[in-house]
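The residues making up each chain are set out below.
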Amino acid sequence: MTTHLVWFRNDLRVNDNLALAAACRDPGARVIGIFIATPLQWRKHEMSPRQAEFIWQHLQSLHAALAERGIELFVRQADGFDDCVGFLQNFCETQKVDALFYNYQYELNERQRDAAVEKVLSPGVVCQGFDDSVLLPPGSVTTGNHEMYKVFTPFSRAFIKRLNEGLPECVSAPQVRKTTMPEPQKLTVFDYPCQPIDPNLFPCGEKQAINQLRLFCRQSVVDYAQQRDFPAIDGTSRLSAYLAVGVLSPRQCLHRLLKEHPQALEGGGGAVWLNELIWREFYRHLLVAYPKLCRHQPFISWTDNVTWRQDDAQFVVWQQGRTGFPIVDAAMRQLSSTGWMHNRLRMVVASFLVKDLLVDWRQGERYFMSQLIDGDLAANNGGWQWAASTGTDAAPYFRIFNPTTQGERFDGKGEFIRQWLPELSRVPDKHIHTPWVWAEKQSLTLDYPRPIVDHKQARITTLAAYEAARKS
DNA sequence: AGAAAATTGGC
DNA sequence: CCAATTTTC
């Protein structure tokens, strides 16, 4: 009997899992799965304790879902990616594995690890990888010159054209297999700090994720275009965490969207959310086309000449949400309390760190990874490079958000701010974005800091710093 | 996916 | 004078 091994990584689901489906295609084969925790590597990559918890929870539900189908899932631990190689070699020997199936991860360390694994296992074990975490394979959407698009809008246009020529189809969850299965055993916990997740925000389970996707596409996706910028409104899909660890696939998102709104591909209802899915693809495709993005390098080289301010005190104040700018602080507290931040606010706090405090965007990128339940290198790096004006199709360097104006525009009445900054509860709506002005008028002291920078001055300083870097 | 300054065009 | 629009950073 042949044995097929599915190596699970960022694809913790049974539905629409290309590697799993391929491994199960031969009804006679024995199919087993493995997940290898790599705490050392996770630490290096700054994986957040909430994402670790999210992975842990979904390993348990995946373990159960696979067991029901006659597929045993082994959860094991190695230290770093290097250790996976020998580990898998051993595992394949003892389990008499004939073929390995896995879904690609596109980050550099991950790709190097996979190459090393394939080298060690072949030709004894036939290895097969799949483009599973994207709608279209990286490198398959290119300009006339067969180059990766560097600007989003033409990329998106070409992408949608490709989708119109033929959609990537979903594959179903594997059937129950006839092979006998050992009694499922309790999973051993991996050696990485975990942090509790609010089950109301991120319910655990593939079924719950699919349900959330259905509800969003049915009820909210049309309003997404109007509502997504207002953090006090629950107007976003909040599916990023499921996409990040692969409890959902982008194909499932696309098909569910088109089922409810067939016009989304023609710019109709739901098109704005579709574009967000395409942003996710854009950043993944870029990561493959430009490996330097995995190496802490900016896309636009001259931005590396900016003299960043090395001010740990201000960086910590930003992390803690005590900058004195209410919208920034509320957002930072939402992040540390829940592991998630509204996308509009990600732009606001990133712009503030980089262009008001002039802190190196890589410090912000790292901190986000250490906190986000939906941490994903491509999207997070893309977002930070966008905000810092160091990336492809990024905001021009002179585009600097005014944190007060952003608050006024997107949280006018301060509903979101009040939710996270109870110390401002007494401040009237009119002054919620400038509490220091109100406190002065009332001649009282708030348990809330004054702004740590003068935005107007900071703006001038930052413009000069970028300007100097550009000319050097 | 900006903001502030400068200019225009209505009165 | 003042709001709308354009230009500049």
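Residues numbered from 1 in each chain as written. Chains lettered and ligands numbered in written order. Predicted model: local features only at pLDDT ≥ 70, side-chain atom pairs only at ≥ 80, totals over all residues. Heavy atoms only, no water.

As recorded in an unreviewed UniProt entry, chain A goes by the name Deoxyribodipyrimidine photolyase, listed as coming from Buttiauxella ferragutiae ATCC 51602.

A. Local environment of the packing of aromatic side chains. Evaluation of the coordinates by the stated rule reveals 35 aromatic pairs. Arranged with centres 5.1 Å apart and planes meeting at 65°, the rings of Phe-216 and Trp-273 form a pair that is edge-to-face. Remark: Trp-273 occurs in helix H11 (residues 271-289) and Phe-216 occurs in helix H7 (residues 206-220); sequence separation between them is 57 residues. A residue is classified by how much of its surface remains accessible, and Trp-273, at 4% relative accessible area, is buried. Summarising the aromatic geometry, the rings of Trp-279 and Tyr-283 are spaced 5.4 Å apart at their centres and angled 40° between planes, so their arrangement reads as tilted. Of the two residues, Trp-279 and Tyr-283 both sit in helix H11, four residues apart, roughly one turn of that helix. (Phe/Tyr/Trp six-rings, centres within 6.5 Å; stacked < 30°, edge-to-face > 60°. Helix = DSSP H or I, 4+ residues; strand = E, 2+ residues; numbered from the N terminus. Buried < 20%, exposed > 50% of the residue type's maximum accessible area, 1.4 Å probe, protein only.)

B. Representation of the sheet that holds strand E1 (residues 3-8). The five strands are arranged E3-E2-E1-E4-E5 in an open sheet whose pairing can be described as parallel. Unpaired on one side and paired on the other, strand E3 (72-77) and strand E5 (126-130) mark the two borders of the sheet. Here the strands of the sheet are splayed against their neighbours by 25° on average, with no regard to which way each runs. Note that strand E2 (residues 30-37) and E3 share six bridges and pair parallel. Of the residues in E3, the one forming a bridge with Ile-34 is Phe-74. Together, E1, E2 and E3 form the strand contacts of helix H4 (residues 81-94), whose direction differs from that of E2 by roughly 155°. Contacting E1, strand E4 (99-103) and E5, helix H5 (residues 108-121) crosses the sheet at an angle of about 170° to E4. (Pairing = 2+ DSSP bridges. Axes fitted to C-alpha atoms, helices over the stretch in contact; angles between N-to-C directions. Contact = heavy atoms within 4.5 Å.)

C. Up close: the pattern of salt bridges. Taken as a whole, this structure holds 20 salt bridges when the rule is applied. As a salt-bridge pair, Arg-238 and Asp-234 come within 3.2 Å of each other at their nearest N and O atoms. Overall, the relative accessible area of 16% leaves Arg-238 in the buried class. With a relative accessible area of 55%, Asp-234 lands in the exposed category. Asp-429 is the salt-bridge partner of Arg-418, the closest N and O atoms lying 2.6 Å from each other. With a gap of eleven residues between them, Arg-418 in helix H18 (residues 415-420) and Asp-429 in the loop between H18 and helix H19 (435-441) connect regions that are remote in the sequence. You can call Asp-429 partly exposed: its relative accessible area is 41%. Three or more residues joined by partner-sharing salt bridges are found here, namely Arg-13, Asp-16, Asp-132 and Arg-251. (Salt bridge = Lys/Arg side-chain N within 4 Å of Asp/Glu carboxyl O.)

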